[in-house]
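# Examining the three-dimensional arrangement
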Amino acid sequence: MRHRLWAVAGGAAALTLLTATGAHAEGEGDIRVTKTVVNGGKNVIVGTTKVVEYPIAITITDDSGVKGLTRVSTFNTSSAVGGGFAEWVDTACVKKSSTTSVCTATMRITPSWIPHYSDADSNKAAGEWQVNATVKANDGDYWISDRIALYKVKRASRLTTDATPEPVAKGATLTVNGKLTRANWENLEYHGYTGQPVKLQFRPAGGAHYSTVKTVTTGTHGKLSTKVTVTSAGSWRWYFPGTTTTARVVSAGDAVALK
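Residues numbered from 1 in each chain as written. Predicted model: local features only at pLDDT ≥ 70, side-chain atom pairs only at ≥ 80, totals over all residues. Heavy atoms only, no water.

## Considerations on the overall build of the chain
If you tally the helices and strands in the chain, you get 1 helix and 19 strands. By the burial criterion, 45% of the 259 residues in the chain qualify as buried. For the chain, the exposed surface amounts to about 12,300 Å²; the carbon and sulfur share of it is 50%. (Helix = DSSP H or I, 4+ residues; strand = E, 2+ residues; numbered from the N terminus. Buried < 20%, exposed > 50% of the residue type's maximum accessible area, 1.4 Å probe, protein only. Areas by Shrake-Rupley, 256 points an atom, 1.4 Å probe, with all protein chains shown as cover.)

Right under this line is the structure:
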């Protein structure tokens, strides 16, 4: 089953629904939503080109059995943002018992459409999103459920590492550069992310784990640069823990040998 329903909350109808029902549910009969899991509990990360699909698994119960979903929408929780850009494209229901089914709605985000979804800055839609759904039972019972789940939609990020010179003498100074960028949904390009704390990490040659050496704040265009004294051969990398709107990212390690 394929649905072409855009989950955009910028219109008056969607705003009226939120105003009228808030986080409550309304309907008829004993059908209920008992659990909702978005993307397996993980954040939804969106870049500039790759189409992203993710599941919203909704557990539904009714004494007559579950017929399915008749509406699924998802959008940013902030009314100041005004909407979202996830398309409901498919639904599959799995019967768990005579009274309970898990109906999974597949949502799709196409980056090339994002700049056109709103007159506002599309990047402001990153952050906390909510899920609304209407469910229906075999006996005609229905339930309109608002805010049945909260999750994060984040802008994808990239991070590079370049350590010089290579190789380096023990006790000498090594310069570690890098750059942090994130997806800009207005022009579908990656822009430097300035003013962000990024951790410089080191793993000794033959070691299993990285440890943090220091934290450096990104400068103009998201650039990173710092100097360290080398005591052993190993790999250097940058680690960005992410923010409420931007995904965490770890750069590839740059292995540096000793002379």
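Moving on from the model shown.
## Let's talk about the state of the cysteines
A full pass over the atoms with the stated rule returns 1 disulfide. C93 shares a disulfide with C103; S-S distance 2.1 Å. Linking C93 and C103, the disulfide has an S-S dihedral of approximately 110 degrees and is accordingly described as right-handed. Pair noted here: C93 is in strand 7 (residues 86–95) and C103 is in strand 8 (residues 100–109), with a separation of 10 residues, a long-range link. Residue C93 is classed as partly exposed on the basis of its relative accessible area, which comes to 40%. (Disulfide = S-S within 2.5 Å.)

## Notes on unusual backbone geometry
In the segment running from T164 into P165, the intervening peptide bond is cis, with an omega of 0 degrees. Of note, the bond from E166 into P167 is cis; its omega dihedral lies within 30 degrees of zero at -5 degrees. For P167, the location among the structural elements is in the loop between strand 11 (157–164) and strand 12 (173–184). Even without being glycine, R147 reaches a positive phi, approximately 60 degrees. Looking at the element boundaries, R147 is found in strand 10 (residues 142–155). Judged by relative accessible area, which is 35%, R147 ranks as partly exposed. Although it is not a glycine, L188 adopts a positive phi angle of roughly 60 degrees. Along the chain, the position of L188 falls in the loop between strand 12 and strand 13 (189–192).

## Quick notes on the pattern of salt bridges
Evaluation of the coordinates by the stated rule reveals 2 salt bridges. Between E53 and R108 there is a salt bridge, and its shortest N-O distance comes to 2.6 Å. Pair noted here: E53 is in strand 5 (residues 52–61) and R108 is in strand 8, with a separation of 55 residues, a long-range link. Where D146 meets R71, a salt bridge forms, and the shortest distance between an N and an O atom there is 3.5 Å. In this pair, D146 sits in strand 10 while R71 sits in strand 6 (residues 66–76), placing the two residues 75 residues apart along the sequence. For the pair shown, D146 and R71 are each scored as buried. (Salt bridge = Lys/Arg side-chain N within 4 Å of Asp/Glu carboxyl O.)

## What to know about the side chain of N184
With respect to the helices and strands, the residue N184 is situated in strand 12. On the basis of relative accessible area, N184 is assigned to the buried category, the value being 12%. At 3.3 Å, the side chain of N184 and the side chain of N123 are in polar contact. Of the polar contacts made by the side chain of N184, one reaches the side chain of H191; its length is 3.3 Å. Excluding its chain neighbours within four sequence positions, the residues that come into contact with N184 are T48, N123, R155, E189 and H191. (Polar contact = N/O pair within 3.5 Å; in protein donor to acceptor, adjacent residues only side chain to side chain. Contact = heavy atoms within 4.5 Å.)

## Some details on the nonpolar core
Formed by 34 residues in total, the largest nonpolar core has its most connected members in Y54 and L69. For L69, the residues in contact, after removing those within four places along its chain, are I58, I60, W88, T91, C103, A105, T134 and V135. Core analysis: the second largest hydrophobic core is formed by 19 residues, L159, V168, V176 and L200 among them. (Core = buried A, V, L, I, M, F, W, Y, C linked by side-chain atoms within 4.5 Å.)

Function cannot be inferred from these measures alone, as they are strictly geometric.
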